[in-house]
Amino acid sequence: MLKQRVITAIVLLAVLLPALFYKTPEPFCAVALLLIAAGGWEWGRLNACSPGACLALAAVCVGLCALAWYGGLLAKPLPVLWAAAGAAWVLGGGWLLRNGVAGWPRIPKVVRLLGGLAALLVAWLAVAQARVAGIDFLLSVLLLVWVADIFAYFAGRALGGRFSRGKLAPSISPGKSWEGVWGGMVGVVVLSLAWVWLGRAGIGGGFWADTTLYSRLADHHGIVVMVLAVIFLAAMSVVGDLVESLIKRSAGVKDSSGLLPGHGGVLDRVDALLPTLPLAMMLATL
């Protein structure tokens, strides 16, 4: 299993890193489109669609994203879309987690399928626009989610159950603790404050530029608002993770697919990014 994980990670990095750091955003947007197509296929499987219908969902994902690309949406401000997507994730995610695993099958299948397609389309638009805004901006958003996940893991392992009376969501993801959530929030606050301090101190040259998510929030709204914003994004990354876990439990599967040997499926790797990316775009364009 460890060997599979390492090989898969190396292959992914070999594809993603050259596309990410290419001089224009098109290669990265194309790679992200392929991943979203795979996510559409997995979404069909999680909702008990036939093999043909799963492939059709992947094709619809590609078609919708391609239309948005061709229509020039990657270079256009979309504040209304980001606000609507953010509200949908906050309200819809809260509703789903409150109703638990048993509530998912009660949602009409067509609503589930359309909701998933919408989430994937908006996530692709957000990551593509983030890359158009700049590699440093996109990395600042991705690092937020990765740091939140890493700090949550180690805080949960070291402190899980010591300060809270119960698990975070025992019927959805029994391994997650409140201490892990708090640890993730501490991690992103440290990350954002360090990033802004390094930028203002002139350390590291232009890497800590004012085009990153943290610098934009701090410069336009102040440090306090920036800290509250990154805590909110960390919390929503947990919501994305829990929502996907809820859906997998309802479907009776451990992973969204086996497309990434040793890592599960594409949705397993991007679940925390699905709400965080559009919300980050919303906050950055306020």
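Cut-offs applied
Residues numbered from 1 in each chain as written. Predicted model: local features only at pLDDT ≥ 70, side-chain atom pairs only at ≥ 80, totals over all residues. Heavy atoms only, no water. Helix = DSSP H or I, 4+ residues; strand = E, 2+ residues; numbered from the N terminus. Rg over C-alpha atoms; globule rule 2.2 N^0.38 Å. Buried < 20%, exposed > 50% of the residue type's maximum accessible area, 1.4 Å probe, protein only. Contact = heavy atoms within 4.5 Å. 1 Å grid on protein atoms, 1.4 Å probe; cavity = no way out; pocket = protein on both sides within 12 Å on 5 of 7 lines; lining within 4 Å. Points joined across faces, edges and corners; volume = space filled by probe spheres on them. Nonpolar A, V, L, I, M, F, W, Y, C, P; charged D, E, K, R; others polar. Phe/Tyr/Trp six-rings, centres within 6.5 Å; stacked < 30°, edge-to-face > 60°. Expected span 1.5 Å × (residues − 1). Salt bridge = Lys/Arg side-chain N within 4 Å of Asp/Glu carboxyl O.

**As for the overall build of the protein chain**
From N to C terminus, the protein chain includes eleven helices and two strands. Reading the protein chain from its N end, one meets helices and strands in the order α-α-α-α-α-α-β-β-α-α-α-α-α. Over its C-alpha trace the protein chain gives a radius of gyration of 19 Å, about what one expects of a compact globule, namely 19 Å for 286 residues. For the protein chain, the C-alpha atoms occupy an extent of roughly 55 × 50 × 40 Å along the three principal directions. The 286 residues of the protein chain split such that 47% are buried. Counted over contacts in the protein chain with a minimum sequence separation of 6, partners at least 24 positions apart contribute 72%.

**Concerning the layout of surface pockets**
Where empty space is left in the structure can be found by rolling a water-sized probe over the atoms. Looking at the second largest pocket, its volume works out to about 560 Å³. For the lining of the second largest pocket, the elements supplying multiple residues, two or more each, are helix H4 (79-103), helix H5 (109-133) and helix H9 (223-251). When residues in the lining of the second largest pocket are grouped by element, the largest group, nine residues, is from H4. Its residues assigned to classes, the lining of the second largest pocket comprises 19 nonpolar, five polar and three charged.

**A look at the packing of aromatic side chains**
Enumeration according to the criterion identifies four aromatic pairs in this entry. Centroid distance Tyr 153 to Phe 154: 5.1 Å. Interplanar angle 80°. Geometry classified as edge-to-face. A relative accessible area of 45% means that Tyr 153 is categorised as partly exposed. Since its relative accessible area comes to 54%, Phe 154 is described here as exposed.

**Comments concerning unusual backbone geometry**
One non-glycine residue, Ala 48, lies in the positive phi region at around 60°. Inspection of the secondary structure assignment puts Ala 48 in the loop between helix H2 (26-46) and helix H3 (51-70). You can call Ala 48 exposed: its relative accessible area is 63%.

**Re H2**
In an α-helix, one turn spans 3.6 residues, which is why side chains three or four residues apart end up on the same side. The end-to-end C-alpha separation of H2 is 30 Å, in line with the 30 Å expected for 21 residues at 1.5 Å each. Within two residues after H2, Ala 48 carries a phi angle of roughly 60°, on the positive side.

**What about the pattern of salt bridges?**
The tally for this structure, following the rule as stated, stands at three salt bridges. The shortest N-O distance in the salt bridge between Lys 248 and Glu 244 comes to 3.6 Å. Of the two residues, Lys 248 and Glu 244 are both situated in helix H9; the distance of four residues between them amounts to about one turn of the helix. Of the two residues, Lys 248 and Glu 244, both sit in the buried class. A salt bridge links Lys 248 to Asp 268, with the nearest nitrogen and oxygen atoms 2.9 Å apart. Taken as a pair, Lys 248 in helix H9 and Asp 268 in helix H10 (residues 266-270) lie far apart in primary sequence, 20 residues in all. With relative accessibility at 11%, the residue Lys 248 sits in the buried group. In this structure Asp 268 comes out as buried when scored by relative accessible area, which is 7%. Overlapping salt bridges, with partners in common, bring together Glu 244, Lys 248 and Asp 268 in one network.

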